[in-house]
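Structural description and commentary
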Amino acid sequence: MGNKSVATVVVNNPQGLHARPADLFVKCAMQYEAKIEIIKDSERFDGKSILDILALAAVQGTELAIEADGPDAEAALKALTSLFERGFAEEEDLSDREGSSGS
Amino acid sequence: MRKLHGIAVSPGVAIGEAMVMDQEGFRIPRRFVAQDAVEQELVRFNTAVESAAREIRRNRDTVSQELGAEYGAIFEAHMQMLHDPRLRAEIEDLIRQKHFSSEYAVSRSLRRYAKVFQSLESQHLAERANDIFDIEKRLLRHLLGVRREGLTQLTSPVLVLAHNLTPSETASLDRRYVLGFVTEVGGPGSHTAIVAEGMEIPAVVGTGPFLTDVSGGEMVIIDGHKGLVILQPDEDTLEQYRREAKEAEALQVSLQALRDLPAETADGVRVRLLGTIEFPHEVQQCTDRGCDGIGLYRTEFLYLGAQSEPTEEVHYDAYACVVRSMPGKPVVMRTLDLGADKMAHLPNPEDEHNPFLGLRSIRLALRNLPMFRTQLRAILRASVLGDVHVMFPMVSTIRELRQAKMVLADVMEDLEESGIEFRQIPVGMMVEVPSAVMMIDHFVREVDFVSIGTNDLVQYTLAVDRSNKDVAELYNPCDPAVLKLMQMTIQAANRQQIPVYVCGQMTSNPIYTMLLVGMGVRTLSVTPAAIPEIKRLIRAVTIAQCEEVAQRALAMEHARDIKTYLRDRVKHVLPEQVG
């Protein structure tokens, strides 16, 4: 506890935070132990739940805060914000990892 | 509580548990598992998730290979949704805490998410609801597996809620357990409407989309009088409807007393009150209520849903059953009144952009003579069993009538040559196209009776498709134009001294009874359920009263004024009538 960090990002994708970016976000978030939350207009959404992220309906230009809470919070935030900065550029290297997202 | 407005197609009130049928016809039962079976149910749920995941992975690989990785990505997202920790926790919680069955828990949770997505403003994101439905279907398929419960295996009474019901779906329903129908689309002419009427259970159609907001097993009220569907009703509403249902039942019992009394006006003029039926078993419902015969026997059910053309024996068995149950009373059989698009064994016509104006009814029969002759042979063979009448639907020209009569004469000749017995039966035509009314003086000289089909006459006169909810409002049986055409027909038939029947939904509604009798109609064909009510009304009025009503109504210019006036008159005569 006590290791909480927050960063602000803007959605740049023309389609907003749709299925594929949301999927990439969750996959990235899942790799960290920290609890990840996305905050939009003071409403909180679970960063490890694709359904929650889709439900927050972030269209292009939406400003979001990402909050990470846990031992690896810093690293998680860095990875997640970089996803936004790169506009969720197509990265084929993620396609072989589906096994890790299972429970 | 949520109220949906639709089109009332079959009266009555039904209160009960919802059975939701989606496009694939799945039924999502609200079921609970016993306390000690919860762990096992969780295993079952997780197994289904794993199977669904394997399937999604396979889909992703196939699609990625064939179309490229970017197309496979959608399945990547599906996989993520399937494994969503919040969703999993929610479903497992419903199973563990509330003891929901896996199917019900899956359906409840996913539909809740889908609803959230559907309410999003971004079109693109709102479409994600379809992904949710896709996952729901996939999970249900694995959960229900081979045990997938068919509609035929209902075990408790339900209200069937569906997008649309195909004839084969309605045919496969176990009718003992269906209390009512609601469909998102469709109109008064839809198959659901006809079946519900035949089953005498309430139905509302054309409500617009709502299925995603309701889960199987939830309490629903169908108000078939007002065309209302109430989802998740509150206690007060439930109480009110339960009371109404009880009162309606009491009224039905008192109407039963009329069974053996004739449909005779207060001043002693006999009106023939006949039943309109679709299925042979409905004859019983007519005799139970004391009717004077069958005024319209729709024979379409023999063709609907059948993969091949019904044989002469199939026709004959159905007809014989009806005619035998009506000894000494007329049975008017209408020949095939369907479009080619509704018949699986005929090729779909190419230019059928406008089925109501297309190849249907008598037109279709005259183009498919072997099929038409098969039906006519069966009708003629059944004629020796009772008082059979035959009637051709949708006649629009004299030529068509003559052709149809010629085919009938030809079939008679065949039967005679083969030594098969039949009787010379009265031949009639339906008057439901304005062109037939315009030429009615000629038609009445060539038939033994006419029957005004009000449903189609209204549709063709006012150029309105009553199954289209955007224009259904224009559909009005008491539009002055319609009444004028009916009056012309009645007068022409009376001058020629041939009987004129009236059938269609108009005749089953008590608000039109005085008008019709006042216009000179002495033969009405109504749905079995309406027989006692209409009979009671006829017995309460005099011809002079009816004639005055008709005269006043025919002088009015607006359908709405006419309807208000008619409703008022019925209230005056029978204050407790709802209409």
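A few points on the structure. (Residues numbered from 1 in each chain as written. Chains lettered and ligands numbered in written order. Predicted model: local features only at pLDDT ≥ 70, side-chain atom pairs only at ≥ 80, totals over all residues. Heavy atoms only, no water.)

1. Details of the overall build of chain B
Inclusion rule: Every helix listed is a DSSP run of H or I at least four residues long, and every strand listed is a run of E at least two residues long, numbered separately from the N terminus. To sort residues, take the accessible area from a 1.4 Å probe on protein chains only and compare it with the maximum for the residue type: under 20% means buried, over 50% means exposed, and anything in between is partly exposed. Two residues qualify as a contact provided that any one of their heavy atoms is within 4.5 Å of a heavy atom in the partner residue. In this description, accessible areas are obtained by the Shrake-Rupley approach with a 1.4 Å probe, and a residue is regarded as covered only by the protein chains that are shown.
Each helix and strand in chain B was counted, giving 22 helices and 16 strands. In chain B, which comprises 579 residues, the proportion classed as buried is 57%. Sequence-distant contacts, at least 24 apart, represent 68% of the contacts inside chain B between residues at least 6 apart. When the accessible surface of chain B is summed, it comes to about 24700 Å², and 49% of that surface belongs to carbon and sulfur atoms.

2. Section: unusual backbone geometry
All names here are of chain B. Residues other than glycine seldom take positive phi values, yet glutamine 232 does so here, at roughly 40°. Tracing the sequence through the fold places glutamine 232 in the loop between strand S8 (228-231) and helix H9 (235-256). Judged by relative accessible area, which is 35%, glutamine 232 ranks as partly exposed. The backbone phi angle of alanine 463 is positive, close to 55°, even though this residue is not glycine. Structurally, the position occupied by alanine 463 is in the loop between helix H17 (454-462) and helix H18 (480-496).

3. Focus: the interface of chain A and chain B
This is how it is decided: Salt-bridge detection follows one rule: a side-chain nitrogen of Lys or Arg within 4 Å of a carboxyl oxygen of Asp or Glu. Under the rule applied, a polar contact is a pair of N or O atoms within 3.5 Å (in protein, one hydrogen donor and one hydrogen acceptor; residues adjacent in sequence only if both atoms are side-chain atoms).
Contact with chain A, which involves 26 residues of that partner, is made by 25 residues of chain B. Put simply, chain A and chain B have three salt bridges between them. When the shortest N-O distance is used, the salt bridge between Asp52(A) and Arg86(B) registers 3.8 Å. The interface formed by chain A and chain B contains six residue pairs in polar contact (both at pLDDT 80 or more). When residues of the side of chain A that touches chain B are traced back to their parent elements, those giving at least two are helix H1 (19-30), helix H2 (50-55) and helix H4 (98-101) of chain A.

4. Some words on the sheet that holds strand S2 (residues 35-40) of chain A
Residues and elements named next belong to chain A. The condition is simple: Pairing between strands is defined by DSSP: at least two bridges between the two strands are required. Where helices are involved, their axes are fitted lines through C-alpha atoms of the stretch in contact, as for all axes, and angles between N-to-C directions lie from 0 to 180°.
On the basis of which strands lie adjacent, the open sheet formed by four strands has the order S1-S4-S2-S3 and antiparallel pairing. In the strand order of this sheet, the two ends are held by strand S1 (4-10) and strand S3 (43-46), each with one partner. Put simply, the sheet's adjacent strands are angled 25° from each other on average, direction ignored. Pairing geometry for S2 and S3, over four bridges, is antiparallel. Counterpart to lysine 40 in the pairing with S3 is glutamate 43.

5. Focus on empty space enclosed by the protein
All names here are of chain B. Filter applied, for reference: Grid points spaced at 1 Å and placed over the protein atoms alone form the basis of the search, with a cavity being a set where a 1.4 Å probe fits but cannot get out and a pocket an open set showing protein on both sides within 12 Å along at least five of seven lines. Lining residues have an atom within 4 Å of a point. Grid points are joined across faces, edges and corners, and a volume is the space filled by probe spheres set on the points. Gly counts as polar in this scheme, as do all residues outside two lists: the nonpolar Ala, Val, Leu, Ile, Met, Phe, Trp, Tyr, Cys and Pro, and the charged Asp, Glu, Lys and Arg.
Summed over the entire model, instances satisfying the criterion amount to three cavities of 30 Å³ or more. Roughly 70 Å³ of internal volume is contained in the largest cavity. Around the largest cavity sit Ile194, Glu197, Gly198, Thr276, Ile277, Glu278, Glu282, Arg298, Thr527 and Pro528, which together line it. At the level of elements, helix H8 (191-199) and strand S9 (272-277) are the ones that each hand at least two residues to the lining of the largest cavity. Here the element with the most residues in the lining of the largest cavity is H8; it accounts for three residues. Here the residues of the lining of the largest cavity sort into three nonpolar, three polar and four charged. Here the second largest cavity defines a volume of roughly 50 Å³. The wall of the second largest cavity is formed by Glu197, Thr276, Arg298, Asn455, Gly504, Gln505, Thr507, Ser508, Ser525, Val526 and Thr527.

6. Focus on the sheet that holds strand S13 (residues 427-431) of chain B
Hydrogen bonds between backbone groups are what pair the strands of a sheet, and the pairing can be parallel or antiparallel. Residue and element names in this part refer to chain B. Reading around the barrel, the eight strands line up as S9-S10-S11-S12-S13-S14-S15-S16 and close back on themselves, with parallel pairing between neighbours. Sheet twist, expressed as the average angle between the axes of neighbouring strands with direction ignored, equals 25°. Bridging between strand S14 (residues 449-453) and strand S15 (residues 500-503) involves four bridges; their strand directions are parallel. Its bridge partner lying in S15, isoleucine 452 is registered against valine 502. In the packing of H17 onto the sheet, the strands contacted are S13, S14 and S15, and the crossing angle to S14 comes to about 60°.

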